[in-house]
Each structure stands twice: as C-alpha cells, then as structure tokens.
Amino acid sequence: MRTLLPIAPLVLMAGSLACGPSPAPVAPTAGQSEVKAGPAQVAVSPAFDLSPVAEPADVVGVLRWSNPAATLSSIATCAGLPPALAETGAQAFSSGVLSELVSPSIDTDQLATVLALDAPVHLIVALDDSSKRGKPVAAVSFGLTSLERARGALEAGASLTEVKPGMWKIGGKEPSSSSCFLAASAGSAPARLLCGDRDRDVTALGPYLARTLPTLAPEARDLHGEVRFVPLSAKFGGMAKQQLGGLPILAQSQLSIGQPQFDRALTDAATGVQQELEALINDASKAVVDLQVDNQSCVNFTAALELRGQSSWVAKTMADRANRAAAAPTLYWRAPKDSAGAFFDHGYDPAHYGGILKTLREMLEGWLEKEKIGKPADRKALADLLSLPINQGPSVSAHGYPDAPPAAAQAGKPTPNEVLDKVMGGFVGWNLFGFEETPDALIKYVKNAVTAYNTPGLRKRLPEIDIDPKDLPTVKTVQAPKELGKSSLAVEIQIVHDLPPLDGDASSTPAAKGKQKPKLTMTLHLLVMGEEKTTWVAFGNDKGDLLRRLATVKAGAPAAATLASRPGLEKLKTGKFAWGGFSTLAPITRTFQSVLSTLDQPGAAPVTLPREARIFGDALAKLPHKGEGLMFVTTQQQGGAAPRAEISINVSKPVLEDIGALVAAGLRMAGITKP
C-alpha cells in the first residue's frame, strides 16, 4: 500500500493515446505461494489456464479505468490540443509511472511502448486475514500488447523467475520500490504487468487481476472506483467501538481545564462524537467515484456516499436534504447575469444543528471565564455569535468582478494604495448572498458581531498571546447608503499597515527616518439590504460596484441584467438538487490578469515583471472563451432505508478549451513547441 497509494493518481493520468490493436489474449493460472528463487523458465507459446477465479474475500477497494487511451483522447479533443502533443506527453508520463514501480535497471521508455492503454487498468485492495497488524493486500494491473515483447523489454534489465505457469517475478535482488510480476492474461490484452508492495500481495490478487477482471463487461463509465465499508466494519467494527467507548474519558483527561461549564460541554461533545462514529460504523456501506468523458459534454465526475442504515446524524441530515431537493429557487435567478459563479441552497432544519452549536457556545464561554477574559456579559455576547442564523428557506450566493475601467493614460506613478486597490479588486471582487428570510435577525446578528469584536474587555488580553490590538482591522458600523432602503446596515472594515520599504524609496533613507512612515490602507465593505421577505448581503472593496449589484437583485429590477436571461443554465431550471450552481475559470484568470496588469504599470512594482509573466498575461487575455465557460456543481440526496448523497461536477468544452490554450501557451513559453 505504501507504494500503490502515491501511484494511484499517476495511474489515472498515465497512458499512450496512440495504441494499436492488441493481439489475441493468452493467459495464466492461479496460486498464492511466495516467490522462491530459481532460473527463469519462460515457454515460447504456452497454453495457460484462462478460466476465471472468484473475487478475493473482503475486497475493500476497487478501481477500474476502462480505456485510458479513449479517455485521454476525448479530453485532448475537448481541450483542443494537438493529438501528437497529447501522445508524446502521455508516453512520457507512462514511462514515469513505470519508473515508480519497476527496478531502475529496466528501460521504462521501452517498456512503456508495450503498454496497452486501450485495455482496462485495475487496482484492488483486500483485507488480509493472515496479517497480524491488519495490513491489507493491494495490487495494480496494466495491460500489455504482447507477452513476448514485454518479456524482451524486462529481460534486458532484470531477471524473470517463473513462480507458477503464466506468472513471472520481475527481478531478483535488484533494488525496487515495489514487487512486480509479468503475467499472461485473459481479456483484450494478452499479458499484464502486476505490481504490489510485496510478493504475496501480487500472488494473492494476481489471478483475479489477470483472469477475471479483464473479462468483465465494460463499464458504462470511463473510470469507476469504490471503497467498501462493510468488510471493514465486519472485521474491525467491534474493536473500533470498544476504542471509541473511551473517547469521553480520554477527552476529559487530556483537554479538561478545570472549569465546570467547559468540562461538561467537553464531555458532551466527546460523547456525541463517539455515538456518531459508532452509528456511522453501522450505517456506512460504500463510497463511490465515477468519471465519464466524451467529446460533447466533456468531463463528468461524480462522488457518492452510500449508507445501509439511518441511525447516524449524517444519515438523518441526508434524508432531510433529500426532502428539500428541487430546481433552483426563484431567488437564484435574480443574481447578476455576469456572475463568475452562482450557487443555491434549499435550506436546512435548524434542529439538526442546535445541539452542536449549544455545546460549542458552552465550551467557548467556559474557556473565556477560565481565562478571565471580559465580563460575564461580554463572554456571553461572544459565545452567542455561535447561535448562527441558519437559513430554513432557500439561499443564494454569487460572486464576480467589477468591469475593467476604459484604458486611459495615467499621469504619474500610481500610489501604493492605488496599486493595492486594483490588486484586491482582482482577488476579492464582489460577493452577494441572498436569503429568503426577513432582514431583522441577520442585521441584529451582524451588529452583535461588530459590538463583540470591539469590546474592550475581550481585547485587552490579546497582548498576552502576542497580538497587538492596534494591528487588528478596524471594524465599525457606518451610515448605510440611502439606496439600500430602511431595513439596511453598512459595516466598514479597514486594514492599515506600514508600507514596507522598497528599493529606491526615499522613505527608507536615513534622512527620512524622522518622518512618519507611509501607510498602506485597504477598506472592505459589508452592506445588508432588506426587503419584505428577502435579505441581500454584499461584500467587497468597491462600494460603488456593490451598490450597483444590489440594485440589480432588487425585487422588480429588470430581468435583462440577471441570471434569468443568461443562456446555458437550463439544467438548473429542470433538475432536482439539494444544492447546486455553476462556476467558471474567471476567479482564477481574472485574479491573475488583474495582478499582472496592475504590477506591469510603470512604477507600480519595485521590480520589472519577467518576460514569462507578460507572456502568461497575454495568454490569459487571449483565451478563446475568456474564462467564462460553465462548470456545473450539483448535489443530490436520497433518504429512506439506504440514504445516499452525491456530488456531480461537469466541466464543459469551453472550460477545457481555455485550459488547453493555457497549456499550449505554457509549452510554447518553455520552448517545447513552436508558436
């Protein structure tokens, strides 16, 4: 396992995109004996036993990649990458994967040419009853186009030792990070490379990997993996529950502080964790991941948790979320049309979280009392901030970036604060949150948070933990803009720091030491706008832009500037989701563009940007879809006797074409390909 765990992600990425048809299969026999040294005896044309064998007992992990060549070819097509470039890169990566497995004496470039990447790749993990330490057995299997060619590539750098008909141990005493075997195989590939941490891992799992898994019906998905919890629960569940029974005692002995309120809450928390973990041991069935790639919808990834009971808090929460699933709420379609990402949620049952938050409040209040921080009323006010206003109805979040101002010649050198504002605009942008709740509760919560933050009794102890209150941001409520209406609130957050001395800056010279140091100031704004049945919160560094966004989402505002008029979001109008939405590459591309363009202004940075940074900035500006391609992220829940929670991610063709353009630009910049 120590070798295969880091290899697993490499397996998912390695492969050759130019694979010819595989020869007719030949095959091995079973057996699970340990390897004994002896001379290599490889028959020229043996007739091996290809009959399937039963699945090993207590399999806890399976991964099957049906056709790496087809998967990678589809991704390259979606990304608009030249096939030759993809083939060359995949071949080099295949060689890198093999170098992690076989002896350094073997020419992995030559061996990579024998890999049949149009044949399935398998990884399997099973419990081992003979292991006193509970170490599992695990092995990975790669298809090979020819048994004879593979043997030739391997024998050029290592010895082959036959351990059973149709299976040969690769190498003897040569150093290697894993134990690998060559085996004849059933299925589309006539031979397979089998590798594990130990000889016994491969001899135990090899027959199933070489004779059974390759003959199974093709998966409907490109890649399928699962972790099975039932065998783990059957073997280790009782022991785990016994160990968990001591968790409250352990927590008291290690974490108690001698303050009654804190210690009681600590015991409650530890007991709650113990009970939930025990319930999950009983409930858990499997975790599943699937990947489907095609030339149209491109990349579709799903991950799911499947339960076999509903005794745990997790199972009950999943059932509640399943009952709330629906299409995107009406509030969602009021978000700005130019959002770089926008998500919705159908709300939560506060009862599911009340006990957790109550315990956390008691622990915080008890700790503050123990440390003599603030007065009782101050401590309670701070702890009460953990009484989060959980939304029971639908909510929406959206983010984006202000439109770039028209290009104009700037007179003189930009000030440090002007540079900072532009950079922060690229990082922070604008952020909107909408709730189908009246504004009173949220406004009260924000005011209480500002009051607690500024309470002198809670701040005067900060120097004892090396925090100077003067270095903390200034947070205060200010006059709310009239555009927000009556039920509104405005909070200003100001961060001030000394400007660090820059090369050539006069303020760093001895003559300027007596002068006041220049300050770098950043101001962020939080605006709350309440309507009759909805509340909107805006956050960012450009107050004017935030007000424009809030005007867009007001009830009755023209739909032309909202998501209601944005094409391509139809699936969010028709599907039933507990949570969902879309994102784009813009949070990444716009941030880099903003930083690079700002720092590239004359006098904006203490050093000149390197040529590579400018080339990268040009590539970002020339992306075919400007980073605006859609990536959908949705969740679906299922209740009942077997709860299930699934998250799905779809990466569309425009997204991959932008990524492909950046990859191509990077290769040209590195001199690997020509312009």
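Residues numbered from 1 in each chain as written. Predicted model: local features only at pLDDT ≥ 70, side-chain atom pairs only at ≥ 80, totals over all residues. Heavy atoms only, no water.

Asker: Which residues make up the pairing of strand β15 (residues 488-498), and what values go with them?
Answerer: Pairing geometry for strand β14 (residues 474-478) and β15, over 5 bridges, is antiparallel. For V475, the partnering residue across the bridge sits in β15 and is I493. Bridging between β15 and strand β16 (residues 519-530) involves 11 bridges; their strand directions are antiparallel. Pairing of H497 across the sheet is with L520, part of β16. (Pairing = 2+ DSSP bridges. Helix = DSSP H or I, 4+ residues; strand = E, 2+ residues; numbered from the N terminus.)

Asker: Give a detailed account of helix α19 (residues 611-621), specifying residues and quantitative values.
Answerer: Helical periodicity: at 3.6 residues per turn, an α-helix aligns residues three or four positions apart in one direction. All of the buried residues along α19 are A613, G617, A619 and L620. Viewed along the axis of α19, the buried residues span an arc of 160°, placing them on a single side of the element. (Buried < 20%, exposed > 50% of the residue type's maximum accessible area, 1.4 Å probe, protein only. Arc of directions from axis to C-beta.)

Asker: Which residues make up unusual backbone geometry, and what are the values?
Answerer: With a phi angle near 65°, C298 is a residue other than glycine that sits in the positive phi range. Along the polypeptide, C298 turns up in strand β10 (residues 298-307). Given the relative accessible area of 0%, C298 is considered buried. Phi is positive for K626, close to 55°, though the residue is something other than glycine. By secondary structure assignment, the location of K626 is in the loop between α19 and β19 (631-638). On the accessibility criterion, K626 (46% relative accessible area) is partly exposed.

Asker: Outline the state of the cysteines, listing residues and values.
Answerer: Applying the stated criterion to the full structure yields 2 disulfides. Across the disulfide, C78 is cross-linked to C298 (sulfur-sulfur distance 2.1 Å). One quick way to see it: the torsion about the S-S bond of C78 and C298 is about -100°, and its sign makes the bridge left-handed. Placement of C78 in helix α2 (residues 68-79) and of C298 in strand β10 is noted, with a sequence separation of 220 residues between them. Residue C78 shares its accessibility class with C298, and that shared class is buried. Covalent S-S linkage joins C180 and C195, the inter-sulfur distance amounting to 2.1 Å. (Disulfide = S-S within 2.5 Å.)

Asker: Describe a nonpolar patch on the surface, listing the residues and the values that go with them.
Answerer: On the surface, a nonpolar cluster with roughly 250 Å² of combined accessible area is contributed by V289, F301, I647 and I649. On the secondary structure map, I649 appears in strand β20 (residues 644-651). By relative accessible area, I649 is classed as partly exposed at 31%. (Patch = residues over 30% accessible without salt bridge, like charges linked within 9 Å, V, L, I, M, F, W, Y side chains within 5 Å. Areas by Shrake-Rupley, 256 points an atom, 1.4 Å probe, with all protein chains shown as cover. Salt bridge = Lys/Arg side-chain N within 4 Å of Asp/Glu carboxyl O.)

Asker: So what's going on with the nonpolar core? Which residues, and what values?
Answerer: A general tendency of soluble globular proteins is for nonpolar side chains to be buried together. The biggest cluster of nonpolar side chains holds 45 residues, and the ones touching the most others in it are F142, L144, I170, L182 and L193. The element best represented in this core is helix α5 (residues 147-155), accounting for 4 residues. Within the second largest apolar cluster, 29 residues are counted, among which are L432, W536, V553 and F632. (Core = buried A, V, L, I, M, F, W, Y, C linked by side-chain atoms within 4.5 Å.)

Asker: So what about the environment of F539? Which residues, and what values?
Answerer: Mapping F539 onto the fold places it in strand β17 (residues 535-540). For F539, a relative accessible area of 23% corresponds to the partly exposed category. Separated by 111 residues in sequence, F539 and V428 place their C-alpha atoms 8.6 Å apart. Other than its neighbours up to four places away in sequence, F539 contacts V428, G429, W430, N431, I493, L524, H525, L526 and L546. (Contact = heavy atoms within 4.5 Å.)

Asker: So what about the environment of V289? Which residues, and what values?
Answerer: For V289, the location among the structural elements is in strand β9 (residues 284-294). What makes V289 partly exposed here is its relative accessible area of 30%. With 14 residues separating them in the primary sequence, V289 and A303 have C-alpha atoms 4.4 Å apart. Here V289 is in contact with L223, H224, G225, F301, T302 and A303, once residues within four sequence places are set aside.

Asker: Describe the packing of aromatic side chains, with residues and values.
Answerer: Evaluated as defined, the whole model comprises 7 aromatic pairs. Measuring from ring centre to ring centre gives 5.7 Å for W313 and Y353, while their planes differ by 85°; the resulting arrangement is edge-to-face. Here W313, found in helix α10 (residues 313-324), pairs with Y353, found in helix α11 (residues 351-370); they are 40 residues apart in sequence, far enough to count as distant. Consider the rings of F592 and F616, whose centres lie 5.8 Å apart with planes at 85°: the pair is edge-to-face. In this pair, F592 is assigned in helix α18 (residues 586-599) and F616 in helix α19, connecting sequence segments 24 residues apart. With relative accessibility at 29%, the residue F616 sits in the partly exposed group. By way of ring pairs, the aromatic residues W313, Y348 and Y353 are connected into one cluster. Between the NZ or CZ atom of R459 and the centre of the ring of Y453, over which it lies, the distance is 5.1 Å. One cation-aromatic arrangement involves K573 over W333; the distance from NZ or CZ to the ring centre is 5.1 Å. (Phe/Tyr/Trp six-rings, centres within 6.5 Å; stacked < 30°, edge-to-face > 60°. Lys NZ or Arg CZ within 6 Å of the ring centre and 35° of its normal.)

Asker: So what's going on with the packing of helix α9 (residues 260-283) against α11? Which residues, and what values?
Answerer: The N-to-C vectors of α9 and α11 enclose an angle of 150°; their axes lie 8 Å apart at closest approach. By the angle between their directions, the pair α9 and α11 is classed as roughly antiparallel. Along this stretch, α9 crosses α11, giving a crossing that reads as left-handed. Of the residues in α11, those touching α9 at Q261, F262, A265, L266 and A269 are T359, E362, M363, E365, G366 and W367. (Axes fitted to C-alpha atoms, helices over the stretch in contact; angles between N-to-C directions. Parallel < 35°, antiparallel > 145°, perpendicular 65-115°, else oblique. Left-handed = near helix turned anticlockwise from the far one by under 90°.)

Asker: With reference to specific residues and values, describe the pairing of β20.
Answerer: Two strands pair when backbone bridges link them, and β10 and β20 are joined in this way by 8 bridges, in the antiparallel orientation. Paired with A303 across the bridge in β20 is I647. Where β19 and β20 come together, 8 bridges link them in antiparallel fashion. Residue pairing in the sheet places T634 in a bridge with S648 of β20. What sits between the antiparallel neighbours β19 and β20 is a turn of 5 residues, in which G640 has the positive phi angle 80°.

Asker: Describe the pattern of salt bridges, with residues and values.
Answerer: Opposite charge on two side chains makes pairing possible when the charged atoms of those side chains draw close. Across all of its chains, the model carries 25 salt bridges by this definition. Among the ionic pairs, E226 bridges to K286, the shortest N-O distance being 3.7 Å. Of the two residues, E226 sits in strand β8 (residues 223-228) while K286 sits in strand β9, which places them 60 residues apart along the sequence. On the basis of relative accessible area, E226 is assigned to the buried category, the value being 12%.

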